[in-house]
Amino acid sequence: MHPDDIAVRYDCIAQWWQTQHQNSLYGIAQLERAIKFTPTKQLALDIGCGSSGRFINILNEQGFQVEGLDISQEMIDLAQQLHPDNTFYRADICCWNPPKLYNLIVAWDSTFHLPLDRQEPVMKKLCNALEPEGVLMFTCGGGYKQSEVSGAFQGQDFEYSTLGVNAFLQILTEHQCTCLHLEYDQYPENHVYIIAQKI
Ligand SMILES: C[S@@+](CC[C@H](N)C(=O)[O-])C[C@H]1O[C@@H](n2cnc3c(N)ncnc32)[C@H](O)[C@@H]1O
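Just so it is clear, the structure is predicted and the values come from calculations on it, not from any experiment.

## Quick look at the pattern of salt bridges
Pairs can form between side chains of opposite charge once their charged atoms are near each other.
Thought 1: What the rule picks out here adds up to three salt bridges.
Thought 2: Salt-bridge contacts for Arg-118 lead to Asp-117; the nearest nitrogen and oxygen are separated by 3.8 Å.
Thought 3: By relative accessible area, Arg-118 is classed as partly exposed at 32%.
Thought 4: Between Lys-124 and Glu-120 there is a salt bridge, with its nearest N and O atoms 3.7 Å apart. Residue Lys-124 and its partner Glu-120 are located together in helix α5 (residues 116–128), separated by four residues, close to a single helical turn.
Thought 5: By relative accessible area, Lys-124 is classed as partly exposed at 31%.
Thought 6: According to the relative accessible area criterion, Glu-120 is partly exposed, its value standing at 33%.

## Brief notes about helix α6 (residues 165–174)
In an α-helix there are 3.6 residues to a turn, and that puts residues three or four apart on one side.
Thought 1: The complete set of buried residues in α6 reads Val-165, Phe-168, Ile-171 and Leu-172. Each buried residue of α6 sits inside an arc of 125° when the element is viewed along its axis, so together they form one side. Away from its buried face, by an angle of more than 90 degrees, α6 presents the exposed residues Asn-166 and Thr-173.
Thought 2: Where the residues of α6 are buried, they touch α5, β5 (130–141), β7 (156–162), β8 (177–183) and β9 (191–198).
Thought 3: One or two residues past the end of α6 sits Gln-176, with phi positive at roughly 60°.

Parameters at a glance
For every chain, the first residue of the written sequence is number 1, and numbering continues from 1 onward in sequence order. Under the rules for a predicted model, residues below a pLDDT of 70 receive no local features and side-chain atom pairs below 80 are neither given nor counted, while totals for whole chains, interfaces and linings still include all residues. Think of the side-chain values as coming from all heavy atoms in the structure, minus any hydrogens and water. Within this document, salt bridges are pairs made up of a side-chain nitrogen of Lys or Arg and a carboxyl oxygen of Asp or Glu, the two lying within 4 Å of each other. The classification of residues rests on relative accessible area computed with a 1.4 Å probe and restricted to protein chains. Under 20% of the type maximum is buried, over 50% is exposed, and intermediate values are partly exposed. Numbering of helices and strands runs from the N terminus; a helix is a DSSP stretch of H or I covering at least four residues, while a strand is a stretch of E covering at least two. Think of it as the arc spanned by the lines of direction from the helix axis to the C-beta atoms. Residue contacts are defined here by distance: any two heavy atoms, one from each residue, within 4.5 Å place the two residues in contact.

Quick look at the structure:
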């Protein structure tokens, strides 16, 4: 599914997402783990930040200057209303060129929507956008093979893809990153989160 089609679907549920996830604890312990691994708490980027600003809240509290990026205009507009002092980019991560280097980049349940052939170039881009010792946390589908799945969520059809865990680890290694943590955090769901650090 093209990212523009993903954006249209998230536009439709952006308000619901904000209400539903405002105080959600989903992914928060994992974010806190990534923050602990981040030696310099200066500049952070939340990719596919959504409308709730829940990660942005925590990163702000931890002293980061935080930027959010999302392909959905509705998500970005709602997030910006909650966080008028933060910088937001309305962009497809596939086409966006990072304007600076970040100490922490998080992509929680966002890049798993990319078309399969966009996974590798985007992962390379994120590795290359890290400061030395910078940390990247992202979620992906688990397993050792590449795969694509689709599913309905809040009345919208979405698609997901993964390269498989081994391929993600290989991309990280090839781009001067080392894996610090990898977990099937919702087992038996095929959902993995990875924390890696630029070496
Ligand atoms: C499942 S939501 C997660 C939102 C937020 N990370 C959270 O956990 O509350 C996925 C988000 O990723 C965004 N997204 C999906 N594909 C994207 C892309 N190619 N570029 C930027 N954002 C994207 C969607 O618009 C949506 O806001």
